[in-house]
Amino acid sequence: MNTPIAPPSRLRAIDLLRGLTIAFMIMANNNGGPHAWWAFKHADWNGFTPTDLVFPTFLFLVGVAIVYSTAARFARGDSRSTVLTHALWRAGVLFVFGLVVNSFPHIDLATMRFYGVLQRIAACYLLATALYLWLPSWRVWLGVIVAALLGYWWLIRFVPVPGLGLPVRDIPLLDPDANLAAWLDRQLFSAAHLYERTRDPEGLLSTLPALATTAIGILAGQWLRSTRDLPRKVRGLLVAGLACVALGALWNLGFPINKKLWTSAYVLFAGGWSVLLLAFFLWAVDIAKPAGPSRRPPAWQMPLRVLGTNAIFAYMLSELLAAGLWNIHLADGRPVADVIGTAFETTLGQNGFMALTYALLYLAVCWVPTYVLYRRGIFLKV
């Protein structure tokens, strides 16, 4: 079978960054246990690690994709209502997929977690698409970012938490349990439905700043679809990315970077790095070494492109496989995942190298079936 011909460079760069994001997500979620190096672990609370960049980068790319997919559907003659109906369907399917990932292999409504990664993607995708269809102006989206970030900061900083008091005055700012976002989640769901029992990192209130992350992607997508030449676009992304990183670092002094609360400083800091990564892939794809006359992409792009073009499949496979390994038990009662982990520790020792080896091999196991689908032209599009 012939190697697939590369798509237009902008879309190829987006696929590659999405592939890198999914690869890192799979490795971070299956990082080999407590001995994994810091880069493959989330920050405990305030702070930032490379792993904390994964989810916001995916949401950022959702925003970029909204711009391109909407333009393509309009070019085919689809109406706004048709596009919105499709977005409703997609969001619904993603939400259901999220419930499956959270519950597999035991479906129990009494303990089902309704929040989750795919559920947040579904919510941000639907809200952003609905707004973009009727209000595509970049000024509107800049306003969305400013309003969401300032509004969320005001809610978390100045609204008293019922029964606990006012942040800074009565309770610490961003206390893990004594904050408005955690309080709201506890009013909506019992502890059995929340990922961390007293709170959820993909909770309702923090969806507001997550929408701002998607909005940054929409602005980036509009910039890429403009008539400016590619070098200028890359320079613009570099400037914007550095500015966001600097603003996020500055805001961190008063409103700390925190992924689990998706703070406004976190949105800017992580969003800036996402923009910079997109600029890098655009440079690598089209400026540093553009595709040759045959339009075949360089070999290094293929592993990332495989994951980037079937990101939902790769993510779901990695999550369902991990759940299966923990729920299939051997005759002595030990789960398969525990046996595999013990074998790695016995062979390589309890260290970061062992954890990295495990993560890479787990990624390879997930990559192979994704590659099979890629070669057959099968893509999970919801």
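> Any chance you could explain the overall build of the chain here in plain terms?
Check the secondary structure of the chain and you find 13 helices and zero strands. Ordering the α and β elements of the chain from the N terminus gives α-α-α-α-α-α-α-α-α-α-α-α-α. Here the chain has a C-alpha radius of gyration of 21 Å; the compact-globule value for 382 residues is 21 Å, and the two agree. Across its three principal axes, the chain shows a C-alpha extent of roughly 60 × 55 × 40 Å. Long-range pairs, those at least 24 residues apart, make up 72% of the contacts in the chain between residues at least 6 apart in sequence. For the chain, the accessible area works out to roughly 17,500 Å², and carbon and sulfur atoms hold 68% of it.

> Explanation requested: empty space enclosed by the protein in the structure shown.
To locate leftover empty space, one rolls a probe as large as a water molecule over the atoms. Throughout the structure, instances matching the rule amount to three cavities of 30 Å³ or more. The space that makes up the largest cavity amounts to roughly 70 Å³. Together, 14 residues line the largest cavity, and A181, D185, D200, K260 and L261 are the ones closest to its centre. Split into classes, the residues belonging to the lining of the largest cavity amount to seven nonpolar, three polar and four charged. Together, I22, M25, F58, V117, L118, I121, A311, I312 and Y315 line the second largest cavity. Going through the elements one at a time, α1 (9-29), α4 (117-134) and α11 (311-327) are the ones with two or more residues in the lining of the second largest cavity. Residues that form the lining of the second largest cavity fall into these classes: nine nonpolar, no polar and no charged.

> Is there a simple way to explain a nonpolar patch on the surface in this structure?
Together, W37, W38, L348 and F353 line one region of the surface with nonpolar side chains, adding up to about 460 Å² of accessible area. Residue placement: L348 occurs in helix α12 (residues 336-348).

> Which parts of the structure should I look at to understand the layout of surface pockets?
Put simply, the second largest pocket is a space of about 960 Å³. In terms of lining residues, the second largest pocket is bounded by 34 residues, among which R18, A65, S69, R90 and K381 are the most central. Of all the secondary structure elements, the ones that give two or more residues to the lining of the second largest pocket are α1, α2 (54-75), α3 (80-103), α4, α10 (301-308) and α11. A per-element tally of the lining of the second largest pocket places α2 first, with ten residues. A per-class count over the lining of the second largest pocket returns 20 nonpolar, seven polar and seven charged.

> What's the story with the packing of aromatic side chains in this structure? I'm lost.
Each aromatic ring pair is specified by the distance between its two centres and by the angle formed by the two planes. Within this structure, the stated rule accounts for 17 aromatic pairs. Judged by centre distance (5.4 Å) and plane angle (75°), the ring pair of F280 and F281 falls under edge-to-face. What links up through ring pairs into an aromatic cluster is the set F48, F55, W262, Y266, F269 and W273. The ring of W262 has R120 sitting right over it, with the charged end atom 5.2 Å from the ring centre.

Calculation rules
Residues numbered from 1 in each chain as written. Predicted model: local features only at pLDDT ≥ 70, side-chain atom pairs only at ≥ 80, totals over all residues. Heavy atoms only, no water. Helix = DSSP H or I, 4+ residues; strand = E, 2+ residues; numbered from the N terminus. Rg over C-alpha atoms; globule rule 2.2 N^0.38 Å. Contact = heavy atoms within 4.5 Å. Areas by Shrake-Rupley, 256 points an atom, 1.4 Å probe, with all protein chains shown as cover. 1 Å grid on protein atoms, 1.4 Å probe; cavity = no way out; pocket = protein on both sides within 12 Å on 5 of 7 lines; lining within 4 Å. Points joined across faces, edges and corners; volume = space filled by probe spheres on them. Nonpolar A, V, L, I, M, F, W, Y, C, P; charged D, E, K, R; others polar. Patch = residues over 30% accessible without salt bridge, like charges linked within 9 Å, V, L, I, M, F, W, Y side chains within 5 Å. Salt bridge = Lys/Arg side-chain N within 4 Å of Asp/Glu carboxyl O. Phe/Tyr/Trp six-rings, centres within 6.5 Å; stacked < 30°, edge-to-face > 60°. Lys NZ or Arg CZ within 6 Å of the ring centre and 35° of its normal.

So yeah, pure geometry; function would need other evidence.
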